Amino acid sequence: MEASAVRREHTALLVVDIQPDFLPGGALAVAGGDEILAPIRDLLGRGGFEVCVATQDWHPRGHISFASSHPGHQPFDVIELYGHEQVLWPDHCVQGTPGAALHEALPREPFALIVRKGADPLTDSYSTFRNNWNPRGERPALGLAGYLRERGITDVYLCGLARDYCVKWSGEDAAAAGFRVTVLWDLTRPVDPRSDADVRRDLERAGVHIDDSGGLR
Ligand SMILES: [Zn+2]
């Protein structure tokens, strides 16, 4: 029998955007993203969390965040959209395509919930808790904070992709929603490794704890 971690009461693990498009060979590949697959699978297998949630970036074709939707622009250009910076991405995680699937390396059974985000054609969504700003200047909630609260969750642990976008924004929003938040740094990888110091600073300012998964054992 495998050794399993002590069950942590009132804790949730959020596994952010482990999708083929974000892994090496994918449309918006994050370097080293494949290195975190096995450790996340092992963490899920140990079963220490009360609730496990997976998220999927889930865009309609022609999404506003795609460079291809903005003639004259290239992927990774930054534009102003509704008064805020928006990075223009290669087409990625298009609904129903293989690149948007939950990666086959992850088991399905541990997940109580799968949250799909970025489905509004006019609004991006890095965070698992709220969309980015919409044309009305709002960041509509995705319902996850309410779900976790109803499940009695007080502590949220985050891993997945990418460290400097969807994990960071999810961590900040989770803290703003009143959860105690830990980012499992070794189980994330960034789009831009040069962002690491800023990401750490922003998360710590938001009250997010940064730890390594080894600290869970
Ligand atoms: Zn996206």
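Residues numbered from 1 in each chain as written. Predicted model: local features only at pLDDT ≥ 70, side-chain atom pairs only at ≥ 80, totals over all residues. Heavy atoms only, no water.

**Some remarks on the coordination of the zinc ion**
- Every protein donor of the zinc ion is listed here as D57 (OD), H59 (NE2) and H92 (NE2), and their distances to the metal cover 2.0 to 2.1 Å.
- Positions of the donor residues of the zinc ion along the chain correspond to the pattern D-x1-H-x32-H. With D57 in strand β2 (residues 49–57) and H92 in the loop between β4 (84–87) and β5 (111–117), this residue pair connects regions lying 35 residues apart in the sequence.
- Of the residues examined, H92 reaches a relative accessible area of 3% and is grouped as buried. (Donors = N, O, S within 2.8 Å, 3.2 Å for Na, K, Ca; no water. Helix = DSSP H or I, 4+ residues; strand = E, 2+ residues; numbered from the N terminus. Buried < 20%, exposed > 50% of the residue type's maximum accessible area, 1.4 Å probe, protein only.)

**Brief notes about the pattern of salt bridges**
- If you walk through the whole model with that rule in mind, you get 12 salt bridges.
- For the salt bridge of D57 with K117, the shortest nitrogen-to-oxygen distance reads 3.2 Å. With D57 in strand β2 and K117 in strand β5, the pair connects residues that are 60 residues apart, well separated along the chain.
- A relative accessible area of 3% places D57 in the buried class.
- Note that R139 and D173 form a salt bridge whose closest N and O atoms lie 2.8 Å from each other. You can see R139 sitting in the loop between β5 and α2 (144–150) and its partner D173 sitting in helix α3 (residues 163–176), a full 34 residues away along the chain. Assigned by exposure class, R139 and D173 land together as buried.
- One continuous salt-bridge network, built from bridges that share partners, spans K168, E172, D198, R201 and D202. (Salt bridge = Lys/Arg side-chain N within 4 Å of Asp/Glu carboxyl O.)

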